[in-house]
Amino acid sequence: MSRVYLVRHGQAGLRQNYDQLSEIGVLQARKLHDWFTKEHIVLDRVVSGGLMRQTETARHAVGDPSIDSRLAEFDLDMVYRSVAPVLRERDADFGREYDEMLIAMQAIDAPVHRQWHGCDVKVFRAWQSGELPVTGESWNEFKMRVLGTIEEIRETGSQRNVAIFTSATPIGLILAEILGVPDDRAMRLAGVCYNTSVTTLRVRDGDLSLLSFNSVAHLDDPTLRTFR
């Protein structure tokens, strides 16, 4: 039997420079390092998506990872560029929410930078539904990219431990596939993932089972349990 540890990246930076760890994110990752050591977990392989916040988390927690670009999060900025102009024309409330968010982003350390804003939800749903064209990766392309990693997870060798550092949505999609639930459930799983949370899978003869979800046993200080 083998175990795969799916780890969400640490708290990221401000919204306009999101792909890096904040000071809290670095501390979360270092506490995760202490937890792996305390639990005597020896990793045979460490894999990360190619985003900076993912690889930095891996390095602070367990060391240099190998990179699998399929584990990267979707590009929210691309989705906004493609979808927001159309939604502004269709939905006055969206336009107001979007303008308010842009103003809030000008403030240093504004909490909105690390919150899922109302207009984010509308943009994401329009992208996920496929109702509007985008200039980059579609929802289905993103989903298939992430799920392309499952076969390799199934082939994890006997008595081997693997840590995979990724983001909330890939974790949600992988779990939804294992549990046989639809995409909307995947997003609900993603939405509650703490930064540096550990979700553990058991691999036995190619069969994947969920052992634990969203554990933050390493974050004994409640103020370190963040979502963005």
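Up top is the structure.
Now for a description of the structure that goes with this document.

With their axes 9 Å apart at the nearest point, helix H3 (residues 76-90) and helix H5 (residues 118-129) run at an angle of 95 degrees to one another. As far as their axial angle goes, H5 and H3 are roughly perpendicular. Touching Leu76, Val79, Tyr80, Val83 and Leu87 of H3 are Cys119, Asp120, Lys122, Val123, Ala126 and Trp127, all from H5. Considering only residue class, the contact of H3 with H5 consists of 9 nonpolar, no polar and 2 charged.

Over its 16 residues, helix H1 (residues 23-38) extends 23 Å from the first C-alpha to the last, a length consistent with the 22 Å expected when each residue adds 1.5 Å. Listed as buried for H1 are Gly25, Val26, Gln28, Ala29, Leu32, Trp35 and Phe36. Tucked inside the fold, the buried residues of H1 contact strand S1 (2-8), helix H2 (52-61), strand S4 (161-166) and strand S5 (198-204). Following H1 by one or two positions, His40 has its phi on the positive side, about 55 degrees.

All right, on to the nonpolar core then. Val4, Tyr80, Phe94 and Ile164 are the most contacted members of the largest nonpolar core, which has 44 residues in total. What Val4 contacts, discounting residues up to four positions off in sequence, is Ile153, Thr156, Val162, Ile164, Thr199, Thr200, Leu201 and Val203.

Before going further, it helps to spend a moment on the sheet that holds strand S6 (residues 207-215). Across the sheet, which stays open at both edges, the 6 strands sit in the order S3-S2-S4-S1-S5-S6 with mixed pairing between neighbours. What marks the edges here is a single partner per strand, and that holds for strand S3 (66-67) and S6. The sheet contact formed by S1 and S5 spans 6 bridges and is antiparallel. Looking at the pairing, Val4 lines up with Leu201 of S5. Sheet contacts for helix H8 (residues 168-179): S1, S4, S5 and S6; angle to S1, the most-contacted strand, approximately 140 degrees.

With that out of the way, let us pick up the environment of His33. By the element assignment, His33 lies in helix H1. In this structure His33 comes out as partly exposed when scored by relative accessible area, which is 37%. Along the backbone, His33 and Ile178 are 145 residues apart, and their C-alpha atoms lie at a distance of 27 Å. Among the polar contacts listed, one links the side chain of His33 to the backbone oxygen of Ala61, at a separation of 3.0 Å.

A separate point is unusual backbone geometry. One non-glycine residue with positive phi stands out, namely His40, at about 55 degrees. As for its position among the elements, His40 is in the loop between H1 and strand S2 (45-48). If you check the backbone angles, Asp205 has positive phi at about 55 degrees while not being a glycine. Inspection of the secondary structure assignment puts Asp205 in the loop between S5 and S6. The exposed category is assigned to Asp205, whose relative accessible area is 82%.

With that settled, consider the packing of H1 against H2. Interhelical geometry of H1 versus H2 gives an angle of 40 degrees and a closest axis separation of 7 Å. As the angle between them shows, H1 and H2 are arranged oblique. In this structure, H1 crosses over H2, and the sense of that crossing is right-handed. Residues Val26, Ala29, Arg30, Leu32 and His33 of H1 touch H2, and the partners they reach there are Thr57, His60 and Ala61. For the contact of H1 with H2, the residue count by class is 4 nonpolar, 3 polar and 1 charged.

Conventions adopted
Residues numbered from 1 in each chain as written. Predicted model: local features only at pLDDT ≥ 70, side-chain atom pairs only at ≥ 80, totals over all residues. Heavy atoms only, no water. Axes fitted to C-alpha atoms, helices over the stretch in contact; angles between N-to-C directions. Helix = DSSP H or I, 4+ residues; strand = E, 2+ residues; numbered from the N terminus. Parallel < 35°, antiparallel > 145°, perpendicular 65-115°, else oblique. Contact = heavy atoms within 4.5 Å. Nonpolar A, V, L, I, M, F, W, Y, C, P; charged D, E, K, R; others polar. Expected span 1.5 Å × (residues − 1). Buried < 20%, exposed > 50% of the residue type's maximum accessible area, 1.4 Å probe, protein only. Core = buried A, V, L, I, M, F, W, Y, C linked by side-chain atoms within 4.5 Å. Pairing = 2+ DSSP bridges. Polar contact = N/O pair within 3.5 Å; in protein donor to acceptor, adjacent residues only side chain to side chain. Left-handed = near helix turned anticlockwise from the far one by under 90°.

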